[in-house]
Amino acid sequence: MEATNQIVPTGARFMPTKGQVACIRHSVERAISFIHSHEYEILNNDLCNRVRAVESEIAIAAFIDNVNLRGRIIEYLITAEDDLKTTLMRCLHTKQPLPEIFTADELGDYTRQFDQYLTETDIKTKVLFLSSNPKGYNIDKLLAFLAEEKSVYLVYIVAIDKDRKIQTRLCSMFHRQLLSGTRMMKHWAGRNSRGVTQYDGKAIEAIVEHFDCSIDHADAQDFLTKFLNA
């Protein structure tokens, strides 16, 4: 089992107003609307093209032992557009020491604005031949984001198998498989925090292998209730 359990909640507790709670509740309908929209296809194609452009580097990075470093490198390869990315790609191919990578502790890794939606996408790497339970999100940060009118929170799964084949899935946080595989980690919650979540690695694998694109509205609302009452 890889050491992906070292998650420490940060930040202050988000206390939504009545209007913000209504907006958070409506995030389920926004998610359903988005995944059936043309904008979903645009975002999915954007991310797929980014992965395709660095797939050889992702395949190399997948074999880095340090799970946190591996995840940061793959996220950076997909989302960054700067000289450090070029250096990183060269180091992976030549087996030179990797440069230091500092990633901001934000809710997601890739933000994209559409006319009707504001999307925040968290990139999650899953090496299929290793057992791991990837860390999820800070619950207070998630609620603060969902309190924005156009907000849609997504998870982009990048899975690599032992033959270095890469598969990807763009999911809403409310998709049935991902939702059922999201654990609320209360024992990590400080007095001023609702805590964090963690994904069941088996659920991530199931999404890659046999994706159930459905969202159960009632289950999603129950899930939000747990967060709001935490």
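**Section: the environment of Gln-116**
Stage number 1. With respect to the element layout, Gln-116 can be found in the loop between β1 (110-113) and β2 (118-127).
Stage number 2. Of the residues examined, Gln-116 reaches a relative accessible area of 53% and is grouped as exposed.
Stage number 3. Separated by 38 residues in the primary sequence, Gln-116 and Leu-154 place their C-alpha atoms 15 Å from one another.

**Topic: the environment of Leu-179**
Stage number 1. Residue placement: Leu-179 occurs in helix α8 (residues 176-180).
Stage number 2. Placed 120 residues apart in sequence, Leu-179 and Ala-59 show a C-alpha to C-alpha distance of 28 Å.

**Description of the sheet that holds strand β3 (residues 135-138)**
Stage number 1. In space, the three strands of this open sheet follow the order β3-β7-β6, with antiparallel pairing throughout. Of all strands in the sheet, those with a lone pairing partner are β3 and β6 (182-185), marking the two edges. On average, each strand axis in the sheet is tilted by 30° relative to the strand beside it, whichever way the strands run.

**Quick word on the packing of aromatic side chains**
Stage number 1. The tally for this structure, following the rule as stated, stands at eight aromatic pairs.
Stage number 2. When the ring of Phe-34 is compared with that of Tyr-117, the centres are 5.0 Å apart and the planes differ by 75°; the resulting orientation is edge-to-face. In this pair, Phe-34 sits in helix α2 (residues 27-35) while Tyr-117 sits in the loop between β1 and β2, placing the two residues 83 residues apart along the sequence.
Stage number 3. Phe-34 sits in the buried class, given a relative accessible area of 0%.
Stage number 4. Each residue in the set Tyr-137, Tyr-153, Tyr-199, Phe-223 and Phe-227 is aromatic and connected to the rest through ring pairs, giving one cluster.

**Digging into the side chain of Lys-126**
Stage number 1. With respect to the secondary-structure elements, Lys-126 resides in strand β2.
Stage number 2. Its relative accessible area of 1% is what places Lys-126 among the buried residues.
Stage number 3. In this structure the side chain of Lys-126 is engaged in a polar contact, spanning 3.3 Å, whose partner is the side chain of Glu-205.
Stage number 4. With residues up to four places along the chain from it excluded, the contact list for Lys-126 reads Ser-132, Pro-134, Val-158, Ala-159, Ile-160, Gly-201, Ile-204 and Glu-205.

Cut-offs used in this document
- Residues numbered from 1 in each chain as written.
- Predicted model: local features only at pLDDT ≥ 70, side-chain atom pairs only at ≥ 80, totals over all residues.
- Heavy atoms only, no water.
- Helix = DSSP H or I, 4+ residues; strand = E, 2+ residues; numbered from the N terminus.
- Buried < 20%, exposed > 50% of the residue type's maximum accessible area, 1.4 Å probe, protein only.
- Pairing = 2+ DSSP bridges.
- Axes fitted to C-alpha atoms, helices over the stretch in contact; angles between N-to-C directions.
- Phe/Tyr/Trp six-rings, centres within 6.5 Å; stacked < 30°, edge-to-face > 60°.
- Polar contact = N/O pair within 3.5 Å; in protein donor to acceptor, adjacent residues only side chain to side chain.
- Contact = heavy atoms within 4.5 Å.

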